[in-house]
Structure formats: structure tokens, C-alpha cells
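# Reading the structure
Chain by chain, the residues:
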Amino acid sequence: MDRYRFERLLLQRMHRRRFLAGAPALAAATSMRGRPTRAFAEDGTPVTGSSPFSLGVASGDPLPGGVVLWTRLAPDPLKGGGMGPEPVDVRWEVAADESFGTIVQKGTATATADLGHSVHVDVTGLAPGREYFFRFLANGESSSTGRTKTAPADGTLADRLRFGFASCAHWEHGYFVAYRHLAAEDLDLVLFQGDYIYEYAPNNDYQSGNGTKPVRLFAGDHEAKTLADYRVRHGQYKTDPDLQEAHRLFPWVATWDDHEVENDYAGTHSNKGEPVEDFLLRRAAAYQAYYEHMPLRPESMPQGPDMRLYRRLNYGRLAEIAVLDTRQYRTAQPCGDTVGPRCDAALDPAQTMTGPEQERWLLDGLDASAARWKVISQQVMMAELAVKGLRPDTLYNDDQWDGYPLARNRILGHIREAGIANAVVLSGDIHSAWANDLKADFAEPDSSTVATEFVCTSITAANPIGGRLAFLLPTNPHVKFLDVRHGYTVCEITPDRWQSDYRAVKSVETADAVIEAIGSFVVENGKPGVQKG
């Protein structure tokens, strides 16, 4: 469900019980120097020019011999793009050096109006495990210079993979200062866990955490529902200079959650009760706009309301990343989109988060993987989060894996029974940072730990409960870390261990806030579960 509704329901129950506990301080901080303050207009929109490359450049889904390059021609992104109906030839170049003295690949792509004049170039023929620079040229102008990096050669055991992962960027709740600090990290790539945009109308009832007015407003005057609406919303996000910089410097491996379409939708089920045929039109519009604005290969291009987003990427024998889609194929929340007791319908084996085909794809891939670390990059918290003490029944958030316990049991049970080592789940969605042991049986705290989960906090999206979420810790002993500030997580993997370092920004209400280190956790090779770093 919408995190705001989840948090509001918990607050209501907590207030009834006069629960007054606050969050403990979890870590001391170290500061990192921010980049110069950016220019913003009075409405909070970053100041940009009229270049056709106003939305920047990006790369994504790196392979040993190639990578996807992206841009979209949009001199006026908040008013339809400003390109007109004609196709435009866009030159692209990939170089071994930032000055483009040694160009290794080049070509021409055609940007067409039916895809918003977006460009997706699947570059091949590159060397594995090395840095490259790229740019686009059109209408007599050049884009900014992007930097990317290919994956290591198949079969090699790399010494290190270092990546950041993030989720939940609500435009109105604050500045994307976390992206600025993410761009200053030494990374090989960025994983994104979903809620890249929010679809809400401007100044809606999901307000920022301190209850004040929005820091900046969505463009337009209504919720995004049509292709034109979603294009404007994505375009507005892409005008943000800090988000642009994070895309410019690192290849991204992104998946979506619900707000790229509609809050808490499930498969063909609209959370707002729209008829299926109407909702699928909306889903088709949202999926197309998502494709138009993300560095995805052309084979991900949606076909109406369907878009294949789940995929697998290898970093030699060090890591294999299975990217999941837990929205498009899931059944409607069996107990309703609420925080409540577990109902009988949740115990129906037909209830699914991934759909049978994707679930089989995931399990077969885990079985076949020769990688040291098996990474499952997905959206919502997989660990059980039992809410006890607010009423006689135990409560669960039914939009998370808690609403689909048998589907979760099938995955974790397979990992345990097949003896799959070093499975690590990366999640987002809940607007707070967590580190969890994934148990064979969450009802038995002493049962074996079969995998590890790291959950990143939000870039800006609010968490109104704040530190009061700490009341969940005593009744969920598999949770080893919780923090409610905004930020991201950096992971460094070697053959011997995995380390996750949590970062938090001081504030999202100023465009130049500093960053803090708030926690560090380790998983050792062959020993599932969270340890303090």
C-alpha cells in the first residue's frame, strides 16, 4: 500500500494505545563534501536551457561487451517535449577517453515522435571491464559527456564490484540531494528498486514528513494518467541536475514499483477500482513513458500494457543480478490493500508476487548460477514484519511479501533446500533503511538463516512515523538495523565478503545538505545473515 497510508494506520493504532516510544540513535555520522548549490526556479524546478539534450544522458544494463546508451530530445520537456512530429537523426559516439580522441564505436539512431524522440542504442563490440565515454549530437548541438563501464568478462572472478542502490524519489517532498552525493561515490553501477517517479497530483494529501507544504511542486494540475501526463512527469524528474549527474556518471540497472503507474496496483487490478480495460490503457501509457525515459534495451519496449522488465546481468563469476518485477504479474493483494491480520486467502498457493513464469525463471537461474553472490534486485521488503501489541491480532502490510507468504516461502525454501549460497535480496519501497536475516521460518527465531536482505531508504519520499517504527524491533528479531532518514546504500562485494554502507542526508529541504554514514553491515562468504561491519 501507499507508505503514507501504512504509516497513518500504524500511527492511529499507536495513538490509541498511547505508544510514545521514539527511535534510538543508531550511528554516529561522518560528513562528505557536497557539490556546489544548483539553481532552482521559484517553483522548485531546476533551471535548464532550451537544448534538445535538456534531460541529459544515461547508460544502463552493462554487459561484458556492451551497454545501453540513452537520451531524449526534449527542449521543452514540461510542454510535450517541443520537438514536433518529424523524426530526427541522432549521432552517437563512444570513446576510450573523455576528450574523444579515440572513438571506438559510433553510429546514427533515429528519434521518432511515437517514442517521445527518445533514443536507445544497444552498443556492442566493447572490451569487458573498462570505462568508456559517450555523447550524442543532433540539430547542431552536443549532449553532455556520459561515462559508463562494461561488466567483467564472463568466467572471470573480479576483485571487486561496488554499486549504490536507491528508491522512492518523491519530487514534492524534497530536493534530490541524495542523488548528488550518490554521484560523488566511486561506483561501478547503480541499482534502482522502484518508485522512480510519483504519479500524484500536485500538492496532494501525501505531504512531506514534517507536515509542511511541498518543497517544490509537480508540473501540471492533476494526477498522471495519460501518455502525455507521464511524459511530463518523467521529463520534470529528468530536469533535476543531481539526478542527471547520477545517470551521466554510472550505468543504471533499474526496475519499477507501483508509483510509476498507480499507487499499489497489482497486475491488472487498479487500486482505485478502475475497470480493467481502462486501467490497462493507463498502464500502457505509463509503461511506454517509463521505457522512453530509462536506459533499457530495445527488446524491453512495451507492447501495449505488457513490458518485459525482469532480466539477468552477470559480473563475471563474482555476482549475478536477477532483476525482478513484482507489480506487473502479481495477483491482487489477497487480504486487501491494508495493514491487518493475515486472512485465509493469503494462504492460497495461487497467490503470487511474480507470476508463475517469472518465479520459475528466478529459481532456475539461482540453480544454474556459478556466481559467488546471487543478487535478487526487487521492490518490496521480503522479510516478515509482524506488527504486534497494537491489537490482539498480529498485523501485516499486505502490499509487501507478507501479503504473499507462500510465494515467499517457495523462494526461500528453494534457496535452503537447493543449498544456494550467498543469496542477497535488495529492496526498497518502505521509505526507511533495514538490514534483515531471511529465515527458513520467521515464526521460529532460531530457525536457519537462508539469505540476507538489505533495504534502502527513500531518496526523498516521506516516512511520517519516523523513529517510532523502532517499536517493531523487539518482535522481529531477524531485523538487525532500522533507520528512517533519507539517503541510499553503497555495497562493495569481493569474493570473500559483502559490505553494505548506509548513507543519510541531513535534510531534503535544502539543495546542498551534507551526507552522513549511519551504519555498515557485512555478509561473509558462505555465512548468510547480517553482521555489523
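Here is a short report on the structure shown in this document. (Residues numbered from 1 in each chain as written. Predicted model: local features only at pLDDT ≥ 70, side-chain atom pairs only at ≥ 80, totals over all residues. Heavy atoms only, no water.)

## Here's the deal with the nonpolar core
Tyr179 and Tyr237 are the most contacted members of the largest nonpolar core, which has 51 residues in total. Elements supplying a minimum of two residues to this core: α2 (177–183), β11 (189–192), α3 (227–238), α4 (241–249), β12 (251–254), α5 (276–293) and β22 (487–493). Tallying contributions element by element places α5 first for this core, with 7 residues. Other than its neighbours up to four places away in sequence, Tyr237 contacts Ala169, His170, Trp171, Phe176, Tyr196, Ile197, Tyr198, Phe218 and Leu243. Formed by 40 residues, the second largest nonpolar core is a distinct cluster that contains Val339, Met381, Ala451 and Leu469. (Core = buried A, V, L, I, M, F, W, Y, C linked by side-chain atoms within 4.5 Å. Buried < 20%, exposed > 50% of the residue type's maximum accessible area, 1.4 Å probe, protein only. Helix = DSSP H or I, 4+ residues; strand = E, 2+ residues; numbered from the N terminus. Contact = heavy atoms within 4.5 Å.)

## Some remarks on the environment of Leu362
Assignment of secondary structure puts Leu362 in helix α6 (residues 356–368). Residue classification places Leu362 among the buried residues on the basis of a relative accessible area of 3%. Along the sequence, Leu362 and Ile376 sit 14 residues apart, while their C-alpha atoms lie 8.7 Å from each other. Dropping the residues within four chain positions of it, Leu362 is found in contact with Arg312, Ala322, Leu324, Ile376 and Ile411.

## Quick look at the pattern of salt bridges
This structure, assessed with the given rule, holds 36 salt bridges. Glu417 is the partner of Arg416 in a salt bridge, and the nearest nitrogen-oxygen pair spans 3.6 Å. Judged by relative accessible area, which is 42%, Arg416 ranks as partly exposed. Connected through shared salt-bridge partners, Arg160, Arg162, Glu185, Asp186, Glu492 and Arg503 make up one network. (Salt bridge = Lys/Arg side-chain N within 4 Å of Asp/Glu carboxyl O.)

## Examining the state of the cysteines
For the structure on display, the rule yields 1 disulfide. In this structure Cys168 is not part of a disulfide, and its nearest cysteine sulfur, from Cys456, lies 6.9 Å away. Take Cys168: its relative accessible area is 0%, and that puts it in the buried class. (Disulfide = S-S within 2.5 Å.)

## Digging into unusual backbone geometry
Positioned with a positive phi, Asp264 is a non-glycine residue whose angle comes to about 60°. Within the secondary structure, Asp264 is located in the loop between β12 and α5. Taking the relative accessible area as the measure of exposure, Asp264 reaches 0% and is therefore buried. Of note in this structure, Asn422 is not a glycine but carries a positive phi near 60°. Residue position: Asn422 is located in the loop between α7 (405–417) and β18 (423–427).

## Quick notes on the packing of aromatic side chains
Taken as a whole and judged by the stated rule, the model has 22 aromatic pairs. The interplanar angle of 20° and the centroid separation of 4.1 Å between the aromatic rings of Trp256 and Tyr287 together place this pair among those described as stacked. One end of the pair, Trp256, is in the loop between β12 and α5; the other, Tyr287, is in helix α5, with 31 residues separating them in the sequence. Of the two residues, Trp256 and Tyr287, both sit in the buried class. Chaining the aromatic ring pairs together yields one cluster made of Trp171, Phe176, Tyr179, Phe192, Tyr196, Tyr237 and Trp252. The residue whose ring lies beneath Arg216 is Trp171, and the NZ or CZ to ring-centre distance is 3.6 Å. Above the face of the Tyr310 ring, Arg308 is positioned so that its terminal group lies 3.7 Å from the ring centre. (Phe/Tyr/Trp six-rings, centres within 6.5 Å; stacked < 30°, edge-to-face > 60°. Lys NZ or Arg CZ within 6 Å of the ring centre and 35° of its normal.)

Interpretation note: all reported values are geometric properties and have no functional meaning in isolation.
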